[in-house]
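# Summary of structural features
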Amino acid sequence: MNDTKKQAIETLSERTRRGEISRRQFTQLAAFVLAGTPMLLRSTGAFAQAKELVLVNWGGDAITAYDAAYGQAFTKDTGITVKMDGSGPTEGAISAQFKSGAPTWDLVDVDPFSAITLGAQGALEPIDYKIVDKTKMRPGFGWEYAASTYFFSYVIAYDSEKYGKDAPTGMADFFDVKKFPGKRSLYKWGVSSWEAALLADGIAPASLYPLDLKRAHDKIAAFKENVVAYWGGGAESQSVLLNGEASMAIVWSTRASLIEQDSGGKIKFIWDQGLISPGALAVLKGNPGGKDAAMKFIASAQDPQKQLVMFDKLGQGPANPAADALIPADKKRINPVDPENMKKQIALDMDWYAKNYGAALDEYTKIISA
Amino acid sequence: MRGVLSDRMGAALLMAPLLLFLVLAYAWPFLGVVKWSFTLPTPGLGQYEALLTDDLVQSVFIRTLRIAAIVTVVSVAAAYAITVVWVRGSPAQRLIAEFCILVPFWISVLTRAFGWVALLSNRGLINTWLQSIGFISEPLALVRNEFGVIVGMTHFLIPFAVFPLASAMRSLDDRVLLAARGLGSSRMRTFWTVFVPMTRSGIIGSALIVFVFSLGFFVTPAILGGGRSVMIAELIYLRIFQSPDWGLGAAISVVLVLFVGALMALLFRYVRPRQLI
């Protein structure tokens with residue numbers, strides 16, 4: 001659900017290719033069941049030295065961006081190398097690392113709700129708030145097992161040529177195909193679709209959580225014929241809008257600004273009723289590089305200048321409020337946490353997701369694929 | 001006698017690393033998966049019970065079987081026609097057939113899936129063309145649904161269907177066909193009553209291979225299905241990485257492997273392995 005996240009296919013193939021030793025059972029399960037693809041067994045982290053940290057993120061541009069913003073500077077300051085691994089730390093993958101007994105990962109770019117669940121299982125180190133500075137995070141976005149380092153949002157992007165001057169103003173318009181005719185696209189993994197359906201159904205943002213799943217699913221089921229595709233990864237969300245398959249879609253804000261650029265302004269997006277979500281770093285329990293080094297890395301990633309690099313490279317909204325002022329005026333418009341944009345949006349409730357995500361996703365999958 | 005024995009020993013020695021690799025890389029880890037299916041989240045048969053009652057799992061299983069069956073019929077039929085040309089055509093025809101079989105075979109499944117999206121989407125080649133000649137006014141929904149999945153999978157699997165068929169057709173004794181013709185049977189009749197029945201083992205082998213492959217497809221349905229045609233492999237992915245619910249994911253995997261294993265056993269009853277290549 002992060003920026004470059006949940007690109008199921010990319011992730012899976014990457015994972016299969018890598019096949020780190022500790023995830024062997026995992027990758028082989030996947031490979032065996034899916035295609036019997038032979039893979040190269042490579043034991044990276046098994047021999048990882050203490051002077052090294054492995055940070056796992058969602059791949060693609062994130063690998064170079066994390067390295068440029070955080071990795072190189074950290075190595076310069078501490079002498080500890082930071083290796084970027086883009087294989088996608090889904091909750092299941094982190095769980096596999098932990099259950100292997102000898103994790104090869106140190107830091108993961110994780111969904112806070114997954115961190116809550118994994119923390120309760122004992123798979124993550126508690127964040128050491130003596131090293132990580134809570135004042136460098138927005139209030140409410142530092143958890144026991146994860147510290148927010150950026151923000152992104154699920155926003156409505158739409159075809160401005162098709163709708164002319166009538167821009168949509170919220171989720172009610174997204175679900176209104178009379179006023180805004182045309183096909184839609186929603187997220188395959190559920191997050192944001194439930195909120196969108198409920199907001200469209202008239203529930204006030206303040207009383208959104210706990211989500212009324214029954215009501216959301218009824219709305220989504222009734223809307224199905226208008227949905228041309230449920231996108232599973234960022235690239236897919238971009239293409240459904242760019243090639244005109246969908247006239248309106250709920251996409252990650254980071255991609256929305258790219259789509260706007262790539263379409264020469266034809267596809268636009270709004271922040272109204274956007275669903276804002278933090279991205280966070282967490283540390284695996286018993287990580288090979290050591291807990292303290294990993295905590296120091298998180299602390300170093302709180303630097304506003306470094307977060308600014310991530311904003312420039314990936315469109316990630318800075319987690320440190322001190323970075324807001326550093327963003328040039330002409331770019332404030334695309335910053336998900338800019339105060340002007342922030343006030344139009346609603347934050348995803350991570351505690352609700354930690355408790356309910358699995359079951360909710362099953363029900364959602366059943367409905368969209370029925 | 002001694003020669004035969006040492007040949008066998010030699011063969012066994014050569015095979016040993018492969019066998020060891022298969023055991024270490026596939027069989028052993030898979031036992032872990034089997035264990036999960038009985039132990040996660042709580043020990044017992046709960047996950048298998050859930051398989052029988054979970055309507056998401058069941059609907060996905062049925063969809064997977066249905067898609068696999070359609071893909072099998074279409075692929076084998078198409079492959080049969082191609083193989084006839086490949087095996088029995090003129091040298092030029094053979095060359096073209098070979099080209100058509102091998103070139104797609106070498107292109108990655110991912111590339112091909114995206115290729116189909118480009119061809120079949122609303123503003124893809126096919127819809128644009130049909131609209132420009134005035135055949136349709138609104139684009140047809142050719143992709144991001146079950147139709148797209150079937151097209152993509154069939155295209156990927158045709159080469160796999162060709163090889164067993166080619167093997168069966170090559171081992172067919174031409175004199176039988178000549179005899180049929182000599183006894184006054186027409187070309188079509190010879191084809192349907194002599195040629196096709198005599199390549200039956202190839203048809204069965206090819207159908208089983210395509211069917212088994214179809215059951216495990218992940219990338220093609222994920223891309224061309226648009227979230228609407230979730231197949232069993234993607235459901236396992238969802239259970240393991242997204243939900244995550246390893247116990248049920250593992251149980252589905254075990255059932256799938258057993259099912260595929262049974263089909264493979266069936267395959268080898270009908271077809272000798274060497275006929276498959």
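Calculation rules
- Residues numbered from 1 in each chain as written.
- Chains lettered and ligands numbered in written order.
- Predicted model: local features only at pLDDT ≥ 70, side-chain atom pairs only at ≥ 80, totals over all residues.
- Heavy atoms only, no water.
- Helix = DSSP H or I, 4+ residues; strand = E, 2+ residues; numbered from the N terminus.
- Buried < 20%, exposed > 50% of the residue type's maximum accessible area, 1.4 Å probe, protein only.
- Contact = heavy atoms within 4.5 Å.
- Areas by Shrake-Rupley, 256 points an atom, 1.4 Å probe, with all protein chains shown as cover.
- pLDDT = per-residue confidence, 0-100.
- Core = buried A, V, L, I, M, F, W, Y, C linked by side-chain atoms within 4.5 Å.
- Buried area = accessible area lost by both parts, 1.4 Å probe.
- Salt bridge = Lys/Arg side-chain N within 4 Å of Asp/Glu carboxyl O.
- Polar contact = N/O pair within 3.5 Å; in protein donor to acceptor, adjacent residues only side chain to side chain.
- Phe/Tyr/Trp six-rings, centres within 6.5 Å; stacked < 30°, edge-to-face > 60°.
- Lys NZ or Arg CZ within 6 Å of the ring centre and 35° of its normal.
- Axes fitted to C-alpha atoms, helices over the stretch in contact; angles between N-to-C directions.
- Parallel < 35°, antiparallel > 145°, perpendicular 65-115°, else oblique.
- Nonpolar A, V, L, I, M, F, W, Y, C, P; charged D, E, K, R; others polar.

### Remarks on the overall build of chain A
Across its full length, chain A carries 15 helices and 10 strands. The proportion of buried residues among the 370 residues of chain A is 62%. When contacts within chain A are restricted to residue pairs at least 6 apart in sequence, long-range pairs at least 24 apart make up 72% of them. Of the roughly 13,100 Å² of accessible surface on chain A, a fraction of 54% belongs to carbon and sulfur atoms.

### Regarding the overall build of chain B
In terms of helices and strands, chain B carries 13 helices and zero strands. Scanning chain B from its N terminus toward the C terminus, one meets helices and strands in the order α-α-α-α-α-α-α-α-α-α-α-α-α. With respect to the principal axes defined by its C-alpha atoms, chain B has extents near 75 × 70 × 30 Å. Expressed as a percentage of the 277 residues in chain B, the buried residues total 47%. Partitioning the contacts of chain B with sequence separation of at least 6, the portion at a separation of at least 24 is 71%. If you sum the accessible surface of chain B, you get close to 14,500 Å²; carbon and sulfur atoms cover 72% of it.

### Details of the confidence of the model for chain B
Considering every residue of chain B, the mean pLDDT works out to 89; 96% of them sit at 70 or more. Here the complex is predicted with pTM 0.83, and the ipTM for its interfaces comes to 0.82.

### Observations regarding the nonpolar core
Within the largest apolar cluster, 182 residues are counted, with the highest numbers of intra-cluster contacts made by Tyr 66, Tyr 154, Trp 194, Phe 297 and Tyr 353 of chain A together with Leu 235 of chain B. Here the element with the most residues in this core is helix α7 (residues 146-170) of chain B; it accounts for 13 residues.

### A word on the interface of chain B and chain A
Often the size quoted for an interface is simply the accessible area lost on bringing the parts together. Taken together, the contact between chain B and chain A spans 41 residues of the former and 46 residues of the latter. Around 4,100 Å² of area is buried between chain B and chain A when both sides are counted, 63% of it from carbon and sulfur atoms. Taken as a group, Tyr 26, Phe 241 and Gln 242 of chain B account for 17% of the area that chain B buries against chain A, more than any other trio of residues on that side. Lys 188 of chain A is paired through a salt bridge with Glu 234 of chain B; the nearest N and O atoms lie 2.5 Å apart. For the interface between chain B and chain A, the tally reads nine residue pairs in polar contact (both at pLDDT 80 or more). Where the side of chain B that touches chain A is concerned, the elements lending two or more residues are α1 (2-39), α3 (55-88), α11 (219-224), α12 (232-242) and α13 (246-270) of chain B. For the side of chain B that touches chain A, the leading source of residues is α12 of chain B, giving nine residues.

### Brief notes about the side chain of Ser 253 of chain A
All names here are of chain A. Topologically, Ser 253 is positioned in helix α11 (residues 253-262). On the basis of relative accessible area, Ser 253 is assigned to the buried category, the value being 3%. Residues in contact with Ser 253, not counting those within four places in the same chain, are Phe 152, Ser 153, Val 155, Trp 271 and Pro 336.

### Side note on the packing of aromatic side chains
One pass over the structure, following the stated rule, counts 42 aromatic pairs over all chains. Both rings, one in Phe 21 of chain B and one in Tyr 26 of chain B, keep their centres 6.5 Å apart while their planes meet at 85°; by these two values the pair is edge-to-face. Overall, Tyr 26 of chain B belongs to the buried group, its relative accessible area being 12%. Grouping aromatic residues by their ring pairs yields a cluster made of Phe 113, Trp 194, Tyr 209, Tyr 230, Trp 352, Tyr 353, Tyr 357 and Tyr 364 of chain A. Directly above the aromatic system of Trp 246 of chain B lies the positively charged group of Lys 99 of chain A, at a separation of 4.3 Å from the ring centroid. In this structure, Arg 184 of chain A is placed above the aromatic ring of Phe 174 of chain A, and the distance from its NZ or CZ to the ring centre is 5.5 Å.

### Details of the environment of Ala 197 of chain A
All names here are of chain A. Summarising the element assignment, Ala 197 is placed in helix α8 (residues 193-200). Spatially, the C-alpha atoms of Ala 197 and Phe 223 are 9.4 Å apart, while their sequence positions differ by 26 residues. Here Ala 197 is in contact with Phe 175, Ala 216, Lys 219 and Ile 220, once residues within four sequence places are set aside.

### Things to note about the pattern of salt bridges
Side chains that differ in charge, positive against negative, can pair when their charged atoms come close. Residue and element names in this part refer to chain B. Using the criterion set out here, one finds 21 salt bridges over all chains in the structure. Arg 88 is the salt-bridge partner of Asp 174, the closest N and O atoms lying 3.0 Å from each other. Highlighted residues: Asp 174 in helix α8 (residues 174-182) and Arg 88 in helix α3, separated in sequence by 86 residues. Its relative accessible area of 35% is what places Arg 88 among the partly exposed residues.

### Looking at the packing of helix α5 (residues 109-120) of chain B against helix α6 (residues 125-132) of chain B
The description of two packed helices rests on the angle between their axes and on the distance between the axes. Residues and elements named next belong to chain B. Where α5 contacts α6, the two axes come as close as 4 Å, and the packing angle between them is 15°. By the angle between their axes, α5 is roughly parallel relative to α6. In this structure, α5 contributes Ala 118, Leu 119 and Leu 120 to the contact, and α6 contributes Leu 125, Ile 126 and Asn 127. When grouped by side-chain class, the residues that make up the contact of α5 with α6 number five nonpolar, one polar and no charged.

### Structural notes on the packing of α3 of chain B against helix α9 (residues 187-198) of chain B
Residues and elements named next belong to chain B. Closest axis-to-axis distance for the α3/α9 pair is 14 Å, and the angle between their directions is 85°. Between α3 and α9, the crossing angle belongs to the class labelled roughly perpendicular. Residues Tyr 80, Val 84 and Arg 88 of α3 touch α9, and the partners they reach there are Phe 191, Phe 195 and Val 196. A breakdown of the residues in the contact of α3 with α9 according to their chemical character gives five nonpolar, no polar and one charged.

### Considering the environment of Phe 61 of chain B
Residue and element names in this part refer to chain B. Following the sequence through the fold, Phe 61 ends up in helix α3. Under the relative-accessibility criterion, Phe 61 is labelled buried at 19%. Taking the C-alpha atoms as reference points, Phe 61 and Leu 215, 154 residues apart in sequence, are found 9.2 Å from one another. Apart from the residues within four sequence positions on either side, Phe 61 is in contact with Ile 232 and Val 255.

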